Protein chains: 2
Amino acid sequence: MVFVAGLQVQPGSGKVTRTDVARYAGVSTAVVSYVINGGPKPVAAATAARVREAIKVLQYQPNATARALTMGSARLLGMIVPDSTNPYFAELTDAIAQVAAARGYALLAANSRTDAETERQNTLSLVSRQVDAIILATVLSPSEVAAMPVQGIPRVLIDQSSTVHGVPTVSTDFEQGAVAGVQHLIGHGHRDIAILVGRDIDPSRVDPRHNGWKTALRDAGLTEGPVEFTDFTRQGGYEATRRLLERPKRPTAIFASSDLLAVGALLALHEADLSIPDDIAVVSFDGTSESEFSWPPLTTVRQSINLIAEAAVRAALSSDDSEGKAQLLATELIIRRSCGC
Amino acid sequence: MVFVAGLQVQPGSGKVTRTDVARYAGVSTAVVSYVINGGPKPVAAATAARVREAIKVLQYQPNATARALTMGSARLLGMIVPDSTNPYFAELTDAIAQVAAARGYALLAANSRTDAETERQNTLSLVSRQVDAIILATVLSPSEVAAMPVQGIPRVLIDQSSTVHGVPTVSTDFEQGAVAGVQHLIGHGHRDIAILVGRDIDPSRVDPRHNGWKTALRDAGLTEGPVEFTDFTRQGGYEATRRLLERPKRPTAIFASSDLLAVGALLALHEADLSIPDDIAVVSFDGTSESEFSWPPLTTVRQSINLIAEAAVRAALSSDDSEGKAQLLATELIIRRSCGC
DNA sequence: ATGAAAGCGCTAACAG
DNA sequence: CTGTTAGCGCTTTCAT
């Protein structure tokens, strides 16, 4: 315990409030606010210096909770993803946190574990914590999303193409990306191209990547290859691929709708002693770092995580509805060894 | 807009406060608190029912910020990791969030990007947000950690063996784990075992896994194999392994001190057309899901993420200093194909 | 069993 | 340029 100028001071221990700083600097609490926030009123240079000195000596840290109560904003963004350990979402969450931090916002991320009820709870929790907006990769249907009670907190949908009335969407153009990936395989001469698709909670919803695969095949005059639905995990990709290999006729190429699925597929293929890409070629979707270091490295349809992060945060923080539309971001085909180039 | 019992109600839009609920239910705000929190005062069954009805109709969500101000706790835990996209930390963060959620706490996670200054900023940010505790995988030295002004907020160190006075530590027993992994390689007959180690910001600090490797080698009467320091990334593992392969004498086995490093190593090995485990065996550390799906699947020293999460949250939330010590958790050797078993 | 009111730390309108 | 004060939404003591 230290005594400074007759005041009892315990740097770093108990909570130091703005009142302590004011007393130490011999000013009112308002003045402390003015110097901390640079306004709204001017403060004499000498006074400001005394306040700053007091802040330093007392190791004062403003209480963001109190500030949030007063201001009606905690400068906090919320985010919900279906699987926070999926590298794609891990990278995306990180990117969004960086962009948000640059604007002075922190990111409170939640994991719905691909469960509707958990997502609802996550949403309620974020709402009660007064986040300024929620960036949401939902597992709910548009009508269910619309029905959530969010106290007027803005939301931004990511990672899907369907739209919810009044809720802006920022997403990769899954369908076009899938078209590009499958066309690349077709360009290699493949006629029998399978697809691995994530199973959706809502069976009526179709993955746009599935549509893109169909489109590319149809446009090339090819018949649709086998389709395997599975969990959006490495294990899911592994199991789906094993089922694929048990079929009477083996496809010559696989389009996996995520890196995770592709990584699982690779293992199944290796275990079956198949050579990649000679016996069977693989193209995946996402372009996470993991796809770069698999064996063989995956040719992949890369989503631009940075652009999504930028656009999502901008949409989340823009109060004007000028951005109330759906934004579709382009993909980039990354050529590596798994396609046979 | 809806009118209920003469009151103007807009479910889901503007903020509904406890005052609105009280008015709608025809009670005082105190009573609303009593029924929401189940105390501290009893409420007549009929009154409670009216309040609950009002909450439902108005879609009232308590304001956690205001509650935090009053209670002095936001029921929020903070966490800082050096790389949130490293699957190990992604899985650990998720596990901690689950454990925290079970106790009614949310988790605010930050990424220091292995940068000391960023970690300091992250810490300050969490402190000002009044988190109840900070779970920290630090890149700072013990004295630097101790020097941080944290306003008395408790911290728990994870992912390291060194201790900071007064700060409890929960960590895997890195050294023993490394010993087990290297011994396994020795048991396979390897005499020339290299190690891949993460480069530390603080060069004076040695990775306990490095020590474990030395110990196992010494105890077996073997000379130390080559050591490669590198970034704690897949790319880092890749580059380190390429350097390893350029050396005059190639080791017959590699101990990688993380899955990420091992995955990078695998790619370098494949590119060099080396057969794993025949030409060169690999054992890694962590036991993330990624290690299970690489080719070949990695024999790995698994950290118990769930135990770490449990212990870290318990330590973070226990005010008594009974847990003020260092806890070292045991590892488990997972045998897969990369070691040659 | 219920209500009135103080107070958590901060901001900003208003007054000097 | 500086100070006083009301109020953000909630909890809880103290009255009734």
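Residues numbered from 1 in each chain as written. Chains lettered and ligands numbered in written order. Predicted model: local features only at pLDDT ≥ 70, side-chain atom pairs only at ≥ 80, totals over all residues. Heavy atoms only, no water.

Attention now goes to the overall build of chain A. Tallying secondary structure elements over chain A gives 13 helices and 14 strands in all. Relative to the compact-globule value of 20 Å for 341 residues, chain A shows a C-alpha radius of gyration of 26 Å, a clear excess of over 25%. If you line up chain A on its principal axes, its C-alpha atoms span 90 × 40 × 35 Å. Taken across its 341 residues, chain A has 53% of its residues classed as buried. When contacts within chain A are restricted to residue pairs at least 6 apart in sequence, those whose partners lie at least 24 apart make up 67%. (Helix = DSSP H or I, 4+ residues; strand = E, 2+ residues; numbered from the N terminus. Rg over C-alpha atoms; globule rule 2.2 N^0.38 Å. Buried < 20%, exposed > 50% of the residue type's maximum accessible area, 1.4 Å probe, protein only. Contact = heavy atoms within 4.5 Å.)

Every contact between the two is made by 56 residues of chain B and, on the other side, 56 residues of chain A. Of all residues in chain B, the largest losses of buried area upon contact with chain A belong to R129, Q151 and F293 of chain B, amounting jointly to 18% of the total for that side. Inspection of the chain B/chain A interface yields two salt bridges. For R113 of chain B, the salt bridge goes to D94 of chain A, with nearest N and O atoms at 2.6 Å. Counting across the interface, chain B meets chain A through 18 residue pairs in polar contact (both at pLDDT 80 or more). Looking at the side of chain B that touches chain A, the elements with two or more residues in it are α4 (64-71), α5 (87-102), β4 (106-111), α6 (116-128), α10 (234-246), α11 (259-271) and α12 (289-292) of chain B. Among the residues making up the side of chain B that touches chain A, the classes are represented as 25 nonpolar, 20 polar and eleven charged. (Buried area = accessible area lost by both parts, 1.4 Å probe. Salt bridge = Lys/Arg side-chain N within 4 Å of Asp/Glu carboxyl O. Polar contact = N/O pair within 3.5 Å; in protein donor to acceptor, adjacent residues only side chain to side chain. Nonpolar A, V, L, I, M, F, W, Y, C, P; charged D, E, K, R; others polar.)

Next up on the list: the protein's contact with DNA strand D. T47 of chain A together with R18, Y60, R67 and T70 of chain B are the nearest of the 27 residues found near DNA strand D. Considering the 4 Å shell around the protein, atoms of DNA strand D inside it are sugar or phosphate in 58% of instances. Interatomic distance of 2.7 Å between a backbone N/O atom of S28 of chain A and a phosphate oxygen of DNA strand D. Put simply, the parts of the chain that give the surface near DNA strand D at least two residues each are α2 (29-37) and α4 (64-71) of chain A together with α2 (29-37) and α4 of chain B. Here the residues of the surface near DNA strand D are counted per class, giving 14 nonpolar, nine polar and four charged. (Near = heavy atom within 4 Å.)

Here chain B sits on chain A after a turn of 180 degrees about the axis and a move of 0.0 Å along it, with an RMSD of 0.1 Å. Put plainly, the chains are arranged around a two-fold axis. (Least-squares fit on C-alpha atoms with pLDDT ≥ 70 in both.)

Let us now look at the sheet that holds strand β13 (residues 326-329) of chain A. Residues and elements named next belong to chain A. Pairing within the open sheet is parallel, and its six strands lie in the order β4-β3-β5-β6-β7-β13. Taken across any chain shown, the strands that pair with only one partner, and hence form the sheet edges, are β4 (106-111) and β13. Within the sheet, the average angular offset between the axes of one strand and its neighbour, ignoring direction, is 20 degrees. As paired elements, strand β7 (residues 169-172) and β13 share four bridges and run parallel to each other. By the bridge assignment, T169 is partnered in β13 with A326. Across the sheet, helix α6 (residues 116-128) lies against β3 (76-81), β4 and β5 (133-136), angled at about 180 degrees from β3, the strand it touches most. (Pairing = 2+ DSSP bridges. Axes fitted to C-alpha atoms, helices over the stretch in contact; angles between N-to-C directions.)

Turning our eyes to something else, we now look at the domain arrangement of chain A. Assigned domains of chain A: these are domain 1 (2-62), domain 2 (74-171 + 306-311) and domain 3 (174-304). When each unit is reduced to the centre of its C-alpha atoms, the spacing between domain 1 of chain A and domain 2 of chain A is 37 Å. (Domains from an automatic or database assignment.)

Moving on, we get to the side chain of S294 of chain A. Residue position: S294 of chain A is located in the loop between α12 (289-292) and β12 (299-302). On the basis of relative accessible area, S294 of chain A is assigned to the buried category, the value being 10%. At a separation of 3.4 Å, a polar atom in the side chain of S294 of chain A contacts the main-chain carbonyl oxygen of S291 of chain A. Within polar-contact distance, the side chain of S294 of chain A engages the backbone oxygen of P296 of chain A at 2.9 Å. Not counting chain neighbours up to four residues away, the residues in contact with S294 of chain A comprise L266 of chain A together with L267 of chain B.

Attention shifts here to the sheet that holds β12 of chain A. Residue and element names in this part refer to chain A. Strands sit in the order β9-β8-β10-β11-β12-β14 across an open sheet of six strands; the sheet is mixed. Two strands bound the open sheet, and with one partner strand each, they are β9 (227-230) and β14 (332-334). The sheet shows a mean angle of 20 degrees between the axes of neighbouring strands, taken without regard to direction.

If you look at the biggest cluster of nonpolar residues, it comprises 42 residues, and the most contacted ones within it are L76 and I134 of chain A together with L76 and I134 of chain B. Look past the residues within four positions of L76 of chain B in its chain and what remains in contact with it is L108 and R129 of chain A together with Y105, A106, L107, L108, V131, D132 and A133 of chain B. (Core = buried A, V, L, I, M, F, W, Y, C linked by side-chain atoms within 4.5 Å.)

Let us now look at the pattern of salt bridges. What the rule picks out here adds up to 24 salt bridges over all chains. Residue R218 of chain A is joined to D219 of chain A by a salt bridge in which the shortest nitrogen-to-oxygen separation is 3.6 Å. For the pair shown, R218 of chain A and D219 of chain A are each scored as exposed. Here D231 of chain B makes a salt bridge to R199 of chain B, at a shortest N to O gap of 3.5 Å. Highlighted residues: D231 of chain B in the loop between β9 (227-230) and α10 and R199 of chain B in the loop between β8 (193-198) and α9 (208-219), separated in sequence by 32 residues. Judged by relative accessible area, D231 of chain B falls into the partly exposed class, the value being 43%. By relative accessible area, which is 49% here, R199 of chain B ends up partly exposed. It is possible to trace a salt-bridge network through shared partners that takes in E117, R120 and E144 of chain A.

Here we take up the packing of helix α8 (residues 174-187) of chain A against helix α9 (residues 208-219) of chain A. All names here are of chain A. Look at α8 against α9: their axes get within 7 Å of each other, and the N-to-C directions meet at 40 degrees. Between α8 and α9, the angle falls in the class oblique. In this structure, the crossing between α8 and α9 has a hand that is right-handed. Packed against α8, whose contacting residues are F174, E175, A178, V179, V182, Q183 and I186, the element α9 presents P208, R209, N211, G212, W213, T215, A216 and L217 at the interface. Of the residues assigned to the contact of α8 with α9, the class counts are nine nonpolar, four polar and two charged. (Parallel < 35°, antiparallel > 145°, perpendicular 65-115°, else oblique. Left-handed = near helix turned anticlockwise from the far one by under 90°.)

All right, on to the protein's contact with DNA strand C then. The environment of DNA strand C is made up of 26 residues, and the closest members are R18 and Y60 of chain A together with S28, P42 and T47 of chain B. Taken together, the sugar and phosphate atoms account for 64% of what DNA strand C places within 4 Å of the protein. Within the side chain of S33 of chain A, an N or O atom sits 2.8 Å from a phosphate oxygen of DNA strand C. Y60 of chain A places a side-chain nitrogen or oxygen 2.3 Å from a phosphate oxygen of DNA strand C. By residue class, the composition of the surface near DNA strand C is 14 nonpolar, eight polar and four charged.

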